[in-house]
Amino acid sequence: MRQALRWLAWVGATIASLALLSQPVGTQAQLAMSLAAMAAMIVLWAVFDGPRTRFVFMALGSLVVIRYILWRLTNTLPAPGDPISFSFGLILLVAELYCVFILFVSLIINADPLQRDPPPKAAAADLPSVDVFVPSYNEDAAILAMTLAAARQLNYPPDKLTVWLLDDGGTDQKCGDADPAKAAAARARRGELQALCDELGACYLTRARNEHAKAGNLNNGLAHARGELVAVLDADHVPFRSFLTETVGYFAQDPRLFLVQTPHAFLNPDPIERNLRTFERMPAENEMFYAVTQRGLDKWNGSFFCGSAALLRRTALDESGGFSGITITEDCETAFELHSRNWTSAYVDRPLIAGLQPDTLTDFIGQRSRWCQGMFQILLLKNPLFQRGLKPIQKIAYLSSMTFWFFPIPRLIFMFAPLLHIFFDLKIFVASVDESIAYTLTYIIINLMIQNYVYGKFRWPFVSELYEYIQGVYLAKAIVSVIASPRKPTFNVTNKGATLDHDHISSLALPFFLIYLLLMLGCAVAAWRYLFEPGVTNLMLVVGLWNFFNLITAGASLGVCAERRQLERTPSLAIDRSGVLTLSGRSTDVSIERVSAESCTVRLLSGAFDQGLTRAALRGALSVEPAAGARRTAPLPVHLEDATRDGRDLVLRLSFGALAIRDYPALAGLMYGDAEAMRRFQLRRRRHKDIPTGTLQFVWWGLVEPFRALRYLLASRRPRPVEIGEAPVYDAPPETAPVPAVPAVPASAVSPAASLPTAAKGVDSESGDDWVRLMMDYENERTLAELRGRRTSAA
């Protein structure tokens, strides 16, 4: 009864508020009301804090938004007697309504995000058994070696932990391919990965046919595994040692819990972060989803499986028939099915894995296209509004996650809408300049304030617009195709680790250049018409400014299309570990500050190696102090690459060279022994960017980046000189690149040292060309010259 009265009170208050907000007022009164709400929001933001302040802040902003929408619906549409203007005006209005819908749904979901306490600890005897699934398709053996080695070192009783490599690249179907080269390559891969698993203590598993993509591969793992819990890790998602200790305990608290999801954290920048140089200073694009939205969904039992970095209960999967595979987003679909069966989920907002993102814009768009099509498949084939078993708030949660991916259509509408008035004088938005200021401008500012207040630590102003525009140019076609044929999309593996050894223009850049030129022409025409054409009103100035903002967005996107070369061949992570370095028989304690799959940076506090350190590329070993409770591993082979002074300390760059499989446990223990390393990196980037500063940054990108893109474009017209010893670079995607004929190799004939591809074995220390190139990559030319001078004098 009490709950019913509470809902009745909410409904009554909502109806009364809408009735009050719908009352007509003058333009000046509307402006005064909006400015008053804005001032009150600023005071709340600056002076007060807490959940109640958050609700009041969002309520004030929502009132202004509702006033704007009611005005748009009743006063701004063109007359139906002008069917062309009316049609385009209606399209623009629908796009705006979609954005307001997403705004309000996100505010409902994220009004009070849940922060879970750490789970209780249990005795080793009471812990459930865990199977770790690492599904693989075409990843390099070096990537798999790191993931499997780290999974084997998870802080968990060894007798209750089984690590499985689920290989879909060496299936019977592929090994028996009609193309002899492809069949030989598949057989070689199978033998290579079998040897890798034998060396690292993992279980190798493949299947007869590549059916149902990743979902089918995971279900094949379920058919052979027997653990009570299943951990799923993408092949390039390496777990930190504490992954299980910080997640398993939640299952003991709730017998209906089917999922514990953790965030996806990444070691390398995506194309936007790399090409705009924001990786070290701006929060990652996915942090808004993982740090706010997933926590908001968790409050309503709506956080869902994201394909990796998660634990699932085996009995729940068995009840639903395993991982769902009707759509190409098996992760969200699986969670959707289990939530509708009254199972619960939990989200843990602590980075416990470190993964890799797509390096190129082409791979980035390909990944997002799969996500977009998969979420639309679920929406069309299993609409949450009609799914039995889901609570109303869960239906809203899933609906928000699925309809979000409709953003490419409104984004492109907003991009091209002002051109209709500039070029064709179509009035699709009927309003005076005063009304545009009182309603539209204040709505835009209030909307920015709400987003900056809720997401400010995780998303800079206008960065969402940039990401949506870049994706929207290509995802619009993906949306149309999946709507036309919901069952047609197929699962495509995202390429990772692409070679970026020189600056170049992306192969996807042409539409962005054309749109930029079109918008630039629109700005010129708008300015000419406003200044010189008789009868043109101030509305042309307003539309011209709208078009100019679109030009800024398009300019920033050209900077994303201008692909910068990647300075690090393998991503690195700043850590804080200690060890003992031995070079040429001499040992000293070191502090290890940064590590990647190829090298590490250490600091010598004692300066014990000052004498003769730079006479040659010294070889030695690095013994790492194990994390608490971890087993000590064998020392890592290293050789000296570089030495620099930092005050009284000596900083050394050490290369691991060609690692054997047996060395990967030590490397994984060093790099992934402490999850706080990733958390520190994320927190360093979570700096709130206020609206004025964020706007200036965005405008700067929009003005400057087109010139860099033009420079790259002109440079691409000239043949790039190939350096001596440099291998040619092929831009063909993996699916179309020629596959060399590789003879079938039995597992017993593959040695551990030979099981890793040449490209992953690091830099040959005897190669002078590699030495110089590596030094240039790390911008240590002056130090290198000094070292050479010392060697010459010593000789």
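These lines cover the structure that appears in this document, whether it is placed above or below. (Residues numbered from 1 in each chain as written. Predicted model: local features only at pLDDT ≥ 70, side-chain atom pairs only at ≥ 80, totals over all residues. Heavy atoms only, no water.)

## So, the overall build of the protein chain
Inference 1: Helix and strand counts for the protein chain come out as 25 helices and 17 strands.
Inference 2: Every one of the 795 residues in the protein chain was classed for burial, and the buried ones make up 53%.
Inference 3: In the protein chain, 81% of the contacts between residues at least 6 apart in sequence involve partners at least 24 apart.
Inference 4: As displayed, the protein chain offers around 35900 Å² of accessible surface, 60% of which is attributable to carbon and sulfur atoms. (Helix = DSSP H or I, 4+ residues; strand = E, 2+ residues; numbered from the N terminus. Buried < 20%, exposed > 50% of the residue type's maximum accessible area, 1.4 Å probe, protein only. Contact = heavy atoms within 4.5 Å. Areas by Shrake-Rupley, 256 points an atom, 1.4 Å probe, with all protein chains shown as cover.)

## What about a nonpolar patch on the surface?
Inference 1: Residues Trp528, Tyr530, Leu531, Phe532, Leu541 and Leu545 make up a contiguous nonpolar surface patch of roughly 660 Å² in combined accessible area.
Inference 2: Top element by residues in the nonpolar patch is helix H19 (residues 510–532). It accounts for four residues.
Inference 3: Here Leu531 is to be found in helix H19.
Inference 4: A residue is classified by how much of its surface remains accessible, and Leu531, at 57% relative accessible area, is exposed. (Patch = residues over 30% accessible without salt bridge, like charges linked within 9 Å, V, L, I, M, F, W, Y side chains within 5 Å. Salt bridge = Lys/Arg side-chain N within 4 Å of Asp/Glu carboxyl O.)

## Describing helix H11 (residues 287–299)
In an α-helix there are 3.6 residues to a turn, and that puts residues three or four apart on one side.
Inference 1: An ideal rise of 1.5 Å per residue puts 18 Å on 13 residues; H11 measures up with 18 Å between its terminal C-alpha atoms.
Inference 2: Maximum bend of H11: about 35°, positioned at Thr293.
Inference 3: Burial within H11 is extensive, with 11 of its 13 residues counted as buried.
Inference 4: Where H11 terminates, the next one or two residues include Asn301, which has phi positive at roughly 55°. (Expected span 1.5 Å × (residues − 1). Bend = angle between axes of the 7 residues up to and from the residue.)

## Some remarks on empty space enclosed by the protein
Inference 1: Inspection of every chain in the model, using the stated rule, returns five cavities of 30 Å³ or more.
Inference 2: Considered as a void within the structure, the largest cavity measures approximately 160 Å³ in volume.
Inference 3: Residue lining of the largest cavity: 19 residues in total, with Gln153, Ala630, Gly669, Leu670 and Gly673 positioned closest to the centre.
Inference 4: It is helix H21 (residues 664–671) that contributes the most residues to the lining of the largest cavity, four residues altogether.
Inference 5: The residue makeup of the lining of the largest cavity, split by class, is 12 nonpolar, four polar and three charged.
Inference 6: There is about 100 Å³ of room inside the second largest cavity. (1 Å grid on protein atoms, 1.4 Å probe; cavity = no way out; pocket = protein on both sides within 12 Å on 5 of 7 lines; lining within 4 Å. Points joined across faces, edges and corners; volume = space filled by probe spheres on them. Nonpolar A, V, L, I, M, F, W, Y, C, P; charged D, E, K, R; others polar.)

## As for the sheet that holds strand S3 (residues 203–205)
Inference 1: Reading across the sheet, the seven strands line up as S3-S2-S1-S4-S7-S6-S8 and stay open at both edges, with mixed pairing between neighbours. The open sheet has two free edges, formed respectively by S3 and strand S8 (344–347), since each of these has just one partner strand. Across the sheet, the mean angle from the axis of one strand to that of its neighbour is 20°, orientation sign disregarded.
Inference 2: By the bridge criterion, three bridges tie strand S6 (residues 257–261) to strand S7 (residues 310–313) in an arrangement that is antiparallel. Each residue of the ladder has a partner; that of Gln261, found in S7, is Ala310. (Pairing = 2+ DSSP bridges. Axes fitted to C-alpha atoms, helices over the stretch in contact; angles between N-to-C directions.)

## What to know about the sheet that holds strand S15 (residues 619–624)
Inference 1: Taken in spatial order, the six strands close into a barrel running S12-S13-S14-S17-S16-S15, and their pairing is antiparallel. On average, adjacent strands in this sheet sit at an angle of 45° to one another, irrespective of strand direction.
Inference 2: In terms of strand pairing, S15 meets strand S16 (residues 636–646) through four bridges, oriented antiparallel. If you follow Leu622 over to S16, its bridge partner there is Leu636.

## Here's the deal with the pattern of salt bridges
Inference 1: The tally for this structure, following the rule as stated, stands at 30 salt bridges.
Inference 2: As a salt-bridge pair, Glu96 and Arg72 come within 2.6 Å of each other at their nearest N and O atoms. Of the two residues, Glu96 is situated in helix H4 (residues 83–110) and Arg72 in helix H3 (residues 51–75); the sequence distance between them amounts to 24 residues.
Inference 3: Overall, the relative accessible area of 0% leaves Arg72 in the buried class.
Inference 4: The shortest N-O distance in the salt bridge between Lys427 and Asp425 comes to 3.9 Å.
Inference 5: Taken together, the shared-partner salt bridges connect Glu273, Glu287, Arg685 and Arg686 into one network.

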